[in-house]
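Descriptive structure summary
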Amino acid sequence: MKASDIVEVRSHPDQLRHVPRPGHPEVPARLRSVLGALAANGGPWELEQEAVLPPDDDILGVIRWLHEPSLILRLVEAVERAPSTLDGPDNPVSEGTLRAALAAAGLAVQAALDLVNGRLHRAFLAVRPPGHHAEADRAMGFCFFNNAALAAEVIARAWQAPVLVVDFDVHHGNGTQRLFWERPDVGYLSVHRYPFYPGTGAADEVGEGAGRGATRNFPLAVGADDAVYASALEAGLEELGSRLKPAAIVVSAGFDAHAGDPLGGMEVTEAGFERMTRAIVQAAETWGGGRILSLLEGGYDLQALGRSARAHVASLVIPGERPAVTGAS
Ligand SMILES: [Zn+2]
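Here is a short report on the structure shown in this document.

Formed by 98 residues in total, the largest nonpolar core has its most connected members in Phe-124, Phe-168, Tyr-229, Val-250 and Leu-293. For this core, the element with the highest residue contribution is helix α4 (residues 97-116), accounting for eleven residues. Those residues in contact with Tyr-229, other than ones at most four positions away along the chain, are Phe-168, Asp-169, Val-170, Val-191, His-192, Leu-220, Ala-224, Ala-257, Met-266, Val-268 and Met-276.

Now the structure itself:
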């Protein structure tokens, strides 16, 4: 079996060490739910529950490419006085929050490096805390460092080639949009509920300067179902794919648009996530040699999250080339 036929699933137990206050929806059990669903009965993917991370200094070096050093310092200080918060009550900080955030960012950086070096073709990274709300100098919406943006930045810098970030989380990824707002080489496509948290993501937000047209938002009314949600994503992929011709696609895979999610208010099912994933695979095969790095973002109903992530990963497997079952179980 060629390396290019395998979808790798990577995670790291340090991410369980971020423990928000009771009642907060972004809990360690989310990760257990995703990994449990992927381990059960195996599947055509390889599951690494404790994947190799780069050294901390290397992870921090890449984080500083996109985030202000002050954000890192303020997180360190917040951990020292834990339990505490960073930039407001949405982002509770426990003793292990820095460790967890570095592991999530480290998984993103390592997978991007492996993709750049041809050791990895397609992967799903089970990461938390999530990342797409995190801005250069601000933690926000349960996010500390922007994992997907870091992965995209590593690939874009290494290859000097365009990368497209595709975000189907129910919330708009304000952090990712803002980080690449004026960049022609990193596109951002988001399908999300609007108006809704965090308030950004209107259709007329398209980037500025050299980045004008590389950002594309599809704001959807509350209650959108599989057909509405996936059609919007497909239209965006067609449009931004042909415009950017991305050498790789990075996915902000949030599953909080699921009908069972307590926060999202949408009606998407596992079938909708499968359809969107197939569209992303097709776009990646058309423009980027099939290269995809998908990273977990939101999803707050533990059962729906596990089932949706499994449907997503199963659909990432290259069509027509389903390898033998290799998953741990
Ligand atoms: Zn979300």
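Okay, the coordination of the zinc ion next. Asp-169 (OD), Asp-169 (OD), His-171 (ND1) and Asp-256 (OD) make up the full set of protein donors to the zinc ion, lying at 2.0 to 2.8 Å. Viewed at the metal, the four donor atoms of the zinc ion are separated by angles of 52 to 153 degrees, and the geometry they form is irregular. Sequence spacing of the donor residues for the zinc ion, all on one chain, is D-x1-H-x84-D.

What follows deals with the pattern of salt bridges. Considering all chains together, one arrives at 19 salt bridges under this definition. Its salt-bridge partner being Asp-114, residue Arg-119 comes within 2.8 Å of it at the nearest N-O pair. Among the ionic pairs, Arg-178 bridges to Glu-135, the shortest N-O distance being 2.7 Å. With Arg-178 in helix α6 (residues 174-179) and Glu-135 in the loop between β5 (122-125) and α5 (147-159), this residue pair connects regions lying 43 residues apart in the sequence. The structure contains a network of salt bridges with shared partners spanning Glu-8, Arg-10, Glu-48, Asp-114 and Arg-119.

The next subject is the pairing of strand β7 (residues 186-193). With eight of eight residues buried, β7 lies mostly within the body of the structure. When strand β6 (residues 163-167) meets β7, the two strands line up parallel, connected through five bridges. Pairing of Val-165 across the sheet is with Tyr-188, part of β7. Tracing the backbone out of β6, into α6 and back to the parallel element β7 gives a crossover that is right-handed. Of the pairings in the sheet, the one linking β7 to strand β8 (residues 215-220) comprises six bridges and is parallel in character. Bridging from a neighbouring strand, His-192 pairs with Pro-219 of β8.

Our next topic: the side chain of His-192. Relative to the elements of secondary structure, His-192 occurs in strand β7. With relative accessibility at 0%, the residue His-192 sits in the buried group. If near-sequence neighbours (up to four positions away) are discounted, His-192 is found in contact with Asp-169, Val-170, His-171, His-172, Thr-200, Gly-201, Asn-217, Phe-218, Pro-219, Leu-220, Tyr-229 and Met-266.

Moving on: the packing of aromatic side chains. Taken as a whole and judged by the stated rule, the model has four aromatic pairs. Ring centres 5.6 Å apart and planes at 85 degrees place the aromatic pair Phe-142 and Tyr-300 in the edge-to-face group. Of the two residues, Phe-142 sits in the loop between β5 and α5 while Tyr-300 sits in the loop between β10 (292-296) and α9 (302-316), which places them 158 residues apart along the sequence. Overall, Tyr-300 belongs to the buried group, its relative accessible area being 11%. A connected cluster of aromatic rings, assembled from ring pairs, spans Phe-168, Phe-255 and Phe-273. Residue placement shows Arg-157 over the ring face of Trp-65; its charged tip is 4.0 Å from the ring centre. Residue placement shows Arg-193 over the ring face of Phe-196; its charged tip is 4.0 Å from the ring centre.

Rules behind the numbers
- Residues numbered from 1 in each chain as written.
- Predicted model: local features only at pLDDT ≥ 70, side-chain atom pairs only at ≥ 80, totals over all residues.
- Heavy atoms only, no water.
- Core = buried A, V, L, I, M, F, W, Y, C linked by side-chain atoms within 4.5 Å.
- Buried < 20%, exposed > 50% of the residue type's maximum accessible area, 1.4 Å probe, protein only.
- Helix = DSSP H or I, 4+ residues; strand = E, 2+ residues; numbered from the N terminus.
- Contact = heavy atoms within 4.5 Å.
- Donors = N, O, S within 2.8 Å, 3.2 Å for Na, K, Ca; no water.
- Tetrahedral: all angles 85-135°; square planar, octahedral: opposite > 155°, others 65-115°.
- Salt bridge = Lys/Arg side-chain N within 4 Å of Asp/Glu carboxyl O.
- Pairing = 2+ DSSP bridges.
- Right-handed = clockwise from strand over helix to strand, strands pointing away.
- Phe/Tyr/Trp six-rings, centres within 6.5 Å; stacked < 30°, edge-to-face > 60°.
- Lys NZ or Arg CZ within 6 Å of the ring centre and 35° of its normal.

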